[in-house]
Amino acid sequence: MLLTKDAFGKDFMWGVSTAAYQIEGAHNQGGKGLSIWDIFVKKKNKIFQNQHGDTTCDFYNRYTQDLYLMYSLNIRNYRFSISWSRILPDGTGEINEEGIDFYNRLIDISLELGITPWVTLYHWDLPGALEGKGGWVNRDIREWFGNYVSICVAHFGDRVTNWMILNEPLVFSAAGYFLGVHAPGRKGLNNFLAAAHHAALAQAHGARVIKSMQTDSNVGTTFSCSHIEPFTMKEKDILAAKRADALLNRLFLEPLLGLGYPTKDIKILNRIEKYMKQNDENDLVFNMDFIGIQNYTREVIRYATFVPFLQAKIVSAKERKVEMTSMNWEIYPESMYHMLRKYNAYPNIPPLIITENGAAFPDVVESNQVDDRKRIKYLQDTIVQVSRAKQEGVKVNGYFVWTFLDNFEWAEGYHPRFGLVYVDFQTQNRIVKSSGHWYANFLK
Ligand code: BGC
């Protein structure tokens, strides 16, 4: 099926997403404090080939050209994140005026070009000074975060109305505080449960802070999600898949909607109670204006005795011998359709916006061109699935491609390229890939 954007109606928002640590570079310029990612990447063997984001796309110095490039590709919605430690080098206390100026210019130029800013307040780069006080494991983070959010609204709220509170709280609490594979590299169930609960509290608190300061704000938050299927129809696998679904797809959404944590399906979550105080259950609830969903693939799950707490494991795309991206994720665009249907089925769910979707492939530059047909097909096929869900009545209002520029892909370093625009990290030269031209044409 060949789709045009008209099929989605004129109010549907099309855009691209990025994140501060992945593109800005200038990690110690402009008065910025170090974030947990600036610190984590310097530890040995945490990141592919010990790479880091000190410079990455140098967006901090090149944002004007990059915004013009975005404009030339007909992109009119731009989701980016603010680096907390650029605004507050110590996480709290003194404001760094140079950081405020940077985001002011970024917002102003976007608006001059007719590009609407969509601001993520937290995309994983916690100020290192706050990690020194326990980071997300310390309950005070709710107030630290609320203070930072209020500073952002006070400085940018005259021009920004679209806010996303957190980027994928499950990923930063699980990868950063349970598995130790992302910053700050902490491990263990207690760290994870505390971090998860405090992230859920901060999420609702941050949204309340914005609403109290800006009546016309459009506030959401974003969740990673994957369609889950059991490996076989054996009861053990079906139950394992259910537990994985509760963890990967429901842990942060359900308390926000007032349904509490999905403890029935993962018993271990009962231990979160240790961190709950009076009123927390109510404080976790907030009526967002939209929910951002970020979907890349599906997961196939089987029962596994030896996996602690969950007794479930992912059957990798490699093992299943299915087609994969450079992240070793199965190419499975229907996952988007299933997730839209699943989230839309919750009573009182606000409209959904796809705040991230995309694919990494081994791009090759030939005669100054990158002919990334696989990415075009992936994006087209996913957009067809979005349209299918929309036609069946799912309230979905937007789609943002992950991502604009090839960038620093966290623990994977620079080898997975997700961009519509190719970046040569030696020269900082940009080449619009075929997918970038395709998107520009689709958006025309
Ligand atoms: C994150 C991005 C990341 C992308 C691809 C999402 O989990 O929000 O920062 O680059 O997926 O892995």
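Bear in mind that the values here come from a model prediction, so they are computed numbers and not experimental data. (Residues numbered from 1 in each chain as written. Predicted model: local features only at pLDDT ≥ 70, side-chain atom pairs only at ≥ 80, totals over all residues. Heavy atoms only, no water.)

Novice: If you had to explain the sheet that holds strand β7 (residues 290-294) to someone new, which residues and values would you point to?
Specialist: Strand pairing in a sheet is mediated by backbone hydrogen bonds. Such pairs are either parallel or antiparallel. With respect to topology, eight strands assemble into a closed barrel ordered β1-β2-β3-β4-β5-β7-β10-β13, the strand pairing being parallel. Averaged over all pairs of adjacent strands, the angle between their axes in this sheet comes to 25°, without regard to strand direction. As paired strands, strand β2 (residues 77-81) and strand β3 (residues 116-122) are joined by five bridges and run parallel to one another. Opposite Phe80, over in β3, you have Val119 as the bridge partner. Across the sheet, helix α5 (residues 97-112) lies against β2 and β3, angled at about 170° from β2, the strand it touches most. In the packing of helix α14 (residues 334-344) onto the sheet, the strands contacted are β5 (218-224), β7, β10 (352-356) and β13 (396-402), and the crossing angle to β10 comes to about 140°. (Pairing = 2+ DSSP bridges. Helix = DSSP H or I, 4+ residues; strand = E, 2+ residues; numbered from the N terminus. Axes fitted to C-alpha atoms, helices over the stretch in contact; angles between N-to-C directions. Contact = heavy atoms within 4.5 Å.)

Novice: Any details on the environment of Asp11? Residues and values, ideally.
Specialist: Summarising the element assignment, Asp11 is placed in the segment before β1 (13-17). Separated by 387 residues in sequence, Asp11 and Gly398 place their C-alpha atoms 8.5 Å apart.

Novice: Please set out the UniProt feature "active site" (unreviewed entry) in the protein residue by residue, giving values where relevant.
Specialist: Mapped onto this structure's residue numbering, the UniProt feature "active site" (unreviewed entry) falls at Glu356. Apart from residues lying up to four places away in sequence, Glu356 is in contact with Ser17, Arg79, His123, Asn167, Glu168, Ile293, Gln294, Asn295, Tyr296, Phe400 and Trp402. Here Gln294 takes part through its side chain, which lies 3.0 Å from a polar atom of the side chain of Glu356. (UniProt positions renumbered as here; feature names shortened; annotations may be inferred. Polar contact = N/O pair within 3.5 Å; in protein donor to acceptor, adjacent residues only side chain to side chain.)

Novice: Would you mind going over the site of the ligand in detail, with residue names and values included?
Specialist: What surrounds the ligand is a group of 14 residues, the closest being Gln22, Asn167, Glu168, Glu356 and Glu409. In the environment of the ligand, an oxygen atom lies 2.8 Å from a nitrogen or oxygen atom belonging to the side chain of Gln22. At 2.8 Å, a side-chain N or O of Glu356 approaches an oxygen atom of the ligand. Residues belonging to the shell around the ligand are distributed by class as follows: seven nonpolar, four polar and three charged. (Near = heavy atom within 4 Å. Nonpolar A, V, L, I, M, F, W, Y, C, P; charged D, E, K, R; others polar.)

Novice: Requested: an account of the pairing of strand β14 (residues 421-424), with residues and values cited.
Specialist: Sheet analysis places β14 next to strand β15 (residues 429-432), joined by four bridges and oriented antiparallel. From the neighbouring strand, Val423 faces β15, where its bridge partner is Arg430.

Novice: Provide a residue-level description of the sheet that holds strand β8 (residues 298-303), including the pertinent values.
Specialist: Taken together, the three strands give an open sheet; going across it, the order is β6-β8-β9, and neighbouring strands pair in mixed fashion. At either margin of the open sheet sits one strand with a lone partner, and together these are β6 (227-230) and β9 (312-314). Ignoring which end each strand starts from, the neighbouring axes of this sheet average 35° apart. Bridging between β6 and β8 involves four bridges; their strand directions are parallel. Looking across to β8, one finds that His227 is bridged to Arg298. Here helix α10 (residues 235-250) sits on the sheet in contact with β6, β8 and β9, set at roughly 130° to β8.

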